[in-house]
Every structure is written in C-alpha cells, then in structure tokens.
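A look at the structure
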Amino acid sequence: MKPKELTLRSLILGALITTVFTAANVYLGLKVGLTFASSIPAAVISMAILSAFKDSSILENNIVQTVASAAGTLSAIIFVLPGLVIVGYWTGFPFWQSFLICLSGGVLGVVFTIPLRRALVTNSDLPYPEGVAAAEVLKVGSGTRGETKDDTGEAREGLRAVILGSVASAGLAIITATRIAAAELNGFFRVGENASTGYNFAWSLALLGAGHLVGLSVGMAMLVGQIISWVIAVPWLTSMQPAGVGETLAAHTTVIWRTQVRFIGAGTIAVAAVYTLIRLAKPVMGGLVSTLVASRAVATADDTDRDIPPMWIYVLTAVCLVIAAYLAYTFAKSTVLAPSALNLTLIAVPFVLIIGFIIAGVCGYMAGLIGASNSPISGVGILSIVICASVIMLAVTPTADNRQALVAFALFVTAIVFACATISNDNLQDLKTGQLVGASPMRQQIALIVGVAAGASVIPFVLNLLAKAYGFAGAPNIDVVAANPLPAPQATLISALAQGVIGGSLEWKMLGIGAAVGVGLVILDAALGAMKKLRIPPLAVGIGIYLPMSATFAVIVGAVISHWYDGRSKSMPNPDRAQRLGTLVASGLIVGESIWGVINAGLIVGFSKDAPIALVPEDFALAPWLGVIGFVGAIVWLYGWMLRRSAAVR
C-alpha cells in the first residue's frame, strides 16, 4: 500500500507551523536583517506529532516541512514591503494589498521554478546543502524499523532541543521585559579631543542562535564590519564634525553613524551583492541553458517525476499577473500618478513577468549551489529596485509633486518580484529533499502553494502589530508606543536606493567610500580563499557596517561558540547527531525570543505602554549584572546539555 503523502492533516499541521515560524521570522528579519530556515525544525516537530498516527509516513512529514518552508522564505518580503511605511506612504499594512502582493509573487515563484526542476534538481550535481540536510533529518526520524517508529529516539530528542531553546530564549526575553534584568549594555565615550564612539551589547539569545547557524566565517565578517564602523569610521567622522552647542555626545555620535556611516555599509553591500551575482553568472547561465534543453523532454508517468500539469502552470501564471496588474493599477490610481496609471501598469506587469522569471532561475540555481540561507537574496532586491525605479522614470518624469509616489510605486512593484524571488530561492531546495525521500514533485508544489497562502495571510497582521508597537527606523512612526524602533535594515536600504535613483538624494560620497571598501574586501576574500584560509564574505562585512552593534554582537558571539561546539562535536560518538542538536537548539532560540517579541508587541499596543510588564524602575541597579548572568547562564546550560546528550552512547 502506498504511504500517505498529501493529506489534510499534513497541510493543516504545516500551516500551523508556518504561522508560528512566519511570525518569528518577520520579527527577526526586521530586527537584524536575517531570517532562519524553518524546514529542519518543522520536520522535527511534524515527526514528533505525526508519530502518534500509525499510518503517517516520511512522505507526509516531507509535505509538512514543505508547507512550513514558506516561513523561512516568504517572510523575507519584509526586506522590501516596510519600505512603503518608511518612505511615509503607508501608515500601516492594508491586509488585502499586502496579502495579494505576497500571494501573487509567491505563487509565481513556485510556478516559475517548475520548468527548472529536471535540469536543476533531477539531472544536476548541485549540492543543495539545506535540502540534503532536511532529507537526512527526515530519514533519521522515520526510524529504522518502520515509517512511524522513532527507534533512535532522535525525533523526540530533536523536538526537546527545539523546546529547550525556545523556553530559554523566551524566558530571558520575558525577564528583560520586566526590567529585572537589562536587555543590553550601552555607552558612548570620547576618543581624543573631538572624536567619539560607543558600544551597545544586546543580550539576545535569538541573535546568538542566528550566529550559531551562520557560522564562524559570517560572524567574523560581521566583526570586521563593526570594527570598520565603530573603531574607524565613527571616530574619524566625529573628529571632523564636532558636536553642536547643546548636543549630547550620544546624540551626536548616533547621528553621524545613522546618516553617514550606514551609507558606507550600503555601498559595501551593493558592491558585494553585485560581485556575488557576477561570480555565479557562469554556473547560473549554464543551468538555465540546461533548463531550456530539459524543458523539451517528454513528461513521465512516474509519480516521483511528475510536476503540476502545464495547463495549470499557464492558468496560475495568468491569474497572478492579473492580480499584479490590478494591484499596480489601483495603487497608481490612488495617487498623484493617476493620469499615468495605465502606462505604469503596462510597465509593471511585463517587469514582474520577465524580471520575475529571470530572478526565479537565478535564485533557484544559487540556492542549489550555496544554499537558500547563504544566497544573496538582498543583492537581488537591490538590483531589482534600481532596475524598477530606472524603468519607471522612463515612463514618468520625476517632479516635486510625484517623486514620493514614484518611489512608493517602485517599492510596491518590487515587492511582488521580491516575493517571487524568495519562494524560488527555496522551492528547488524542497524539491531536492523530496527527490531524496521519494516524494511526488507535484504534491510538493501544491503544498508549497498552500504554504505561500498561509504565510501571506499571517504577514500583514504581524507587520501591523510590530509597526504599531515598535515602528521602523527612518519611518515617521506616528503614535508608536515603544521608544526604540526596529532597524529593518534591508527595507531601509532599499527605500533609500529607490529615493536616491528617483530623487537624487543619496549620500553619494559615503556610498563611494563604501564601494571602495567593498572592492577591497572582495580582493581580500578572494586571496583568503586562494590560501585556503577562513573566508570573510564581503556581503556580511557590509551588513556588519550597516547594522547597529546591538543587532550583531550576539550573532558574533554565537558564531564563535558554534565554531567551538563543532570542534567538540567531532570527538563525540555521533558527530552528525551533535551537530543536528546544535542546529535545532539554535532554531529554538530564534523561535522562542521572536515569538515573545510578537506577543510583547501585542501587550505594548494593548496597554499603550512601552514596558507593559515592567516590575521595577528603568534604572534598577542590579539589572545590567542580572542581564549578563542570565545570558551567560543560558548559554552554559544549553550547550552543556547538548554536549552531555551527544556524549551519551546509544
């Protein structure tokens, strides 16, 4: 009897997990500019739950992780969509517009990659690191004596790892929300006569988990970025521009960093992103050529090699383009661009179709080559907004009256393309997992569309909640309750680029310095690679310059601890098991604190207080020490538990 695969319970369970992980990823992405892959923790959770059903199978578990993978992909829309609030065009996120942007772009991301599957998955030697890892987790969890048994105990142990990480990070975040323990330690000081700099160490277990997942190379690159930012650039620029009369040291230093140093990071990010895309151009083009050949192949009756029928691909594509046209036309019609609404729509739809398909192929191939988490998706967003803004200016000449509307329209259209890019960046990874466990591609493609719909329905609610509670850096933030807005780094950068292309208001000098830094880093990284030394990814250095220290400190710590832990795990009886535990605990750390961040946002809005569960005054003397103790204590406890479990012979 054929094992169950695409079942109602798998879709419901996947949608529920997607809801949780999407909320967590939206918060994390707006806070630090990173999202985490949800396939592996979703697979572990589904295996633990579905093991209660005698007729469940590895194929059904695969459907759950396929649906849930939308959380790690579609949530990346927050790299663009908050830009509409940042530029002051939206005050919130209208549900139907936001939902349809995510849905139409996400579904296009699925259907655009279907023709690529045989060439880039079935008949390809691309490594697909995350897809292979997810398949291994599914195989381990299925048990050695039957589909529904967990004889190794690793599925239950893995679920426990996710829960422990979640409880630890949420617990520390709740304690800091009461103000008993401080969430960070910061200060500013002079360097010499006029120069100044500062520090901001945030005790975030979610960011520590992100650092564990990204690894030592990215962590060290972010450290280099912070050194460039706070040890070199900030002191240099503050020495050249002393504080004004009555301006505090902290305010002056922060303004210099925000208005000048960050653009050095933006220039570095732009050069690094373009370099990464150029470096991958040859294999990407080779993959697309292979795709054209493979697309002429005759479809097979084999269920493990059957895609959604071509007719449905055409229908879904047409429906999504109609939605995109409707969205673009109604958006333009509601602005000062109304007289040009039809012309702008006629530009937007081909842009979504052509650029969306090209990006789908590029992102799909890059994900197979270096993994979805490492794929330079932010670089794709940067190039998309520059192209979109430039094309729009050919149709409508920017003026003082329409400039803001043109920036908003460019962000609006780019958001649809970016949703397409995020899903295509993950879709082939899921199909690789399915190939390795004997799944049906067609059923997985249906499951991913369900995941897109589930994620698209959650994202507007979470974004609205976070916008009302915290707001975004650079946005008007009217009636926002909390004092510290979320950095939203990619959305801020992409918005600035759109405004710069259309309005000519960019800090070109600092961008040029950043570009020069990026070129130097590209050369350094290439030299380190040739010498077989630890790489320093230029894109991660740029992010380290661009992000506040509070958003990168714990990431760097997590990367260093991860390197130490991986070294220790090699001496364990089962090194693979030890590394899986590390991955799952790290995923739990991200989920726990991020979910609490969303819940706390609800409390902030509900009580109209920036610290609704505070138990002590803000200047509680022991808070800084208790924050450090809680952060270090949680790390020692969790990694100690992982090492003890890994050392046990089973």
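None of these values were measured; they are calculated from a predicted model.

1. Some remarks on the overall build of the protein chain
Of the regular secondary structure elements, the protein chain holds 23 helices and two strands. Put simply, 82% of the contacts in the protein chain that link residues at least 6 apart link residues at least 24 apart. When the accessible surface of the protein chain is totalled, it reaches about 25100 Å², and 67% of it is carbon and sulfur.

2. What about the nonpolar core?
By size, the foremost hydrophobic cluster in this structure holds 180 residues, and its most contacted members are Phe409 and Phe472. Setting aside anything within four residues of it in sequence, one finds Phe409 in contact with Ala328, Phe331, Ala332, Leu337, Leu344, Ala348 and Ile392.

3. A closer look at the packing of helix H5 (residues 95-113) against helix H17 (residues 441-469)
Between H5 and H17, whose axes approach to 8 Å, the crossing angle comes to 155°. As judged from the angle between their axes, H5 and H17 are roughly antiparallel. In this structure, the crossing between H5 and H17 has a hand that is right-handed. Contacts between H5 and H17 pair Phe95, Ser98, Phe99, Cys102, Leu103, Gly106, Val107 and Val110 from the former with Gln445, Leu448, Ile449, Val452, Ala453, Ala456, Ser457, Ile459, Pro460 and Phe461 from the latter. Residues belonging to the contact of H5 with H17 are distributed by class as follows: 14 nonpolar, four polar and no charged.

4. Section: the packing of aromatic side chains
Applying the stated rule across the entire model yields 19 aromatic pairs. A centroid spacing of 5.6 Å and a plane angle of 75° characterise the contact between Tyr565 and Tyr639, whose relative ring orientation is edge-to-face. You can see Tyr565 sitting in helix H21 (residues 549-569) and its partner Tyr639 sitting in helix H23 (residues 623-647), a full 74 residues away along the chain. A relative accessible area of 1% means that Tyr565 is categorised as buried. On the basis of relative accessibility, which here comes to 6%, the residue Tyr639 falls in the buried class.

5. Observations regarding the packing of H5 against helix H13 (residues 310-333)
Where H5 meets H13, the axes come as close as 9 Å, and the angle between the chain directions of the two elements is 150°. It follows from the interaxial angle that H5 and H13 lie roughly antiparallel. Of the two possible hands of crossing, H5 and H13 adopt the one that is left-handed. Only Ile313, Leu316, Thr317, Cys320, Leu321, Ile323, Leu327 and Phe331 of H13 make contact with H5, whose side of the interface consists of Gln97, Leu100, Ile101, Ser104, Val107, Leu108, Val111 and Phe112. A class-by-class count of the residues in the contact of H5 with H13 yields 13 nonpolar, three polar and no charged.

6. Topic: the pairing of strand E2 (residues 195-202)
Extensive coverage of E2 is indicated by the burial of six of its eight residues. Relative to E2, strand E1 (residues 184-191) runs antiparallel, the two sharing eight bridges. Counterpart to Phe188 in the pairing with E2 is Gly198. Counting the residues between successive antiparallel strands, the hairpin from E1 to E2 contains three residues, one of them, Gly192, with a positive phi of roughly 85°.

7. What to know about the environment of Gly361
As for its position among the elements, Gly361 is in helix H14 (residues 341-370). In this structure Gly361 comes out as buried when scored by relative accessible area, which is 2%. When the C-alpha positions of Gly361 and Asn425 are compared, they lie 8.8 Å apart, and in sequence the two are 64 residues distant.

8. Here's the deal with the pattern of salt bridges
Across all of its chains, the model carries two salt bridges by this definition. In this structure, the salt-bridge partner of Arg9 is Glu60, at a minimum N-O distance of 2.6 Å. Linking Arg9 in helix H1 (residues 8-32) with Glu60 in helix H3 (residues 58-73), this pair joins segments that are 51 residues apart in sequence. For Arg9, a relative accessible area of 23% puts it in the partly exposed group.

9. Remarks on the environment of Gln490
Its place among the elements puts Gln490 in helix H18 (residues 489-503). Each C-alpha atom of the pair Gln490 and Leu547 lies 9.6 Å from the other, and the pair is 57 residues apart in sequence.

10. Details of the side chain of Ser104
For Ser104, the location among the structural elements is in helix H5. Residue class for Ser104 comes out buried when judged on its relative accessible area of 0%. A polar atom in the side chain of Ser104 sits 2.7 Å from the backbone oxygen of Leu100. Residues within four places of Ser104 in sequence aside, it is in contact with Cys320, Ile323, Leu327 and Ile416.

11. Describing the side chain of Ser646
Structurally, Ser646 can be placed in helix H23. When its relative accessible area of 1% is taken as the criterion, Ser646 is described as buried. Ser646 has contacts with Tyr565, Met572, Pro573, Arg577, Ala578 and Leu581, leaving out every residue within four places of it along the chain.

12. Here's the deal with a nonpolar patch on the surface
A cluster of nonpolar side chains, namely Ile175, Ile180, Leu615, Leu622, Trp625, Leu626 and Ile629, defines an oily patch on the protein surface of about 730 Å² accessible area. The dominant element in the nonpolar patch, judged by the number of residues it contributes, is H23, at three residues.

13. Quick notes on the confidence of the model for the protein chain
Looking at the protein chain, the pLDDT average stands at 82 and 88% of residues meet or exceed 70. Of all the helices and strands in the protein chain, helix H12 (residues 281-294) carries the lowest mean pLDDT, 58, while H13 carries the highest, 92.

14. Observations concerning helix H16 (residues 403-437)
The terminal C-alpha atoms of H16, which comprises 35 residues, lie 52 Å apart, in line with the 51 Å expected from a rise of 1.5 Å per residue. Of all the 35 residues making up H16, 31 are buried; the element is thus mostly covered by neighbouring parts of the structure. A positive backbone phi angle near 80° is found at Gly438, which sits one or two residues after H16.

15. A look at unusual backbone geometry
Even without being glycine, Arg179 reaches a positive phi, approximately 75°. Assignment of secondary structure puts Arg179 in the loop between helix H8 (154-177) and E1. For Arg179, a relative accessible area of 24% gives the class partly exposed. Phi angles above zero are rare outside glycine, and Lys532 is one such case at about 60°. Within the secondary structure, Lys532 sits in the loop between helix H19 (508-530) and helix H20 (538-546).

Here is what the cut-offs are and how they apply
- Residues numbered from 1 in each chain as written.
- Predicted model: local features only at pLDDT ≥ 70, side-chain atom pairs only at ≥ 80, totals over all residues.
- Heavy atoms only, no water.
- Helix = DSSP H or I, 4+ residues; strand = E, 2+ residues; numbered from the N terminus.
- Contact = heavy atoms within 4.5 Å.
- Areas by Shrake-Rupley, 256 points an atom, 1.4 Å probe, with all protein chains shown as cover.
- Core = buried A, V, L, I, M, F, W, Y, C linked by side-chain atoms within 4.5 Å.
- Buried < 20%, exposed > 50% of the residue type's maximum accessible area, 1.4 Å probe, protein only.
- Axes fitted to C-alpha atoms, helices over the stretch in contact; angles between N-to-C directions.
- Parallel < 35°, antiparallel > 145°, perpendicular 65-115°, else oblique.
- Left-handed = near helix turned anticlockwise from the far one by under 90°.
- Nonpolar A, V, L, I, M, F, W, Y, C, P; charged D, E, K, R; others polar.
- Phe/Tyr/Trp six-rings, centres within 6.5 Å; stacked < 30°, edge-to-face > 60°.
- Pairing = 2+ DSSP bridges.
- Salt bridge = Lys/Arg side-chain N within 4 Å of Asp/Glu carboxyl O.
- Polar contact = N/O pair within 3.5 Å; in protein donor to acceptor, adjacent residues only side chain to side chain.
- Patch = residues over 30% accessible without salt bridge, like charges linked within 9 Å, V, L, I, M, F, W, Y side chains within 5 Å.
- pLDDT = per-residue confidence, 0-100.
- Expected span 1.5 Å × (residues − 1).

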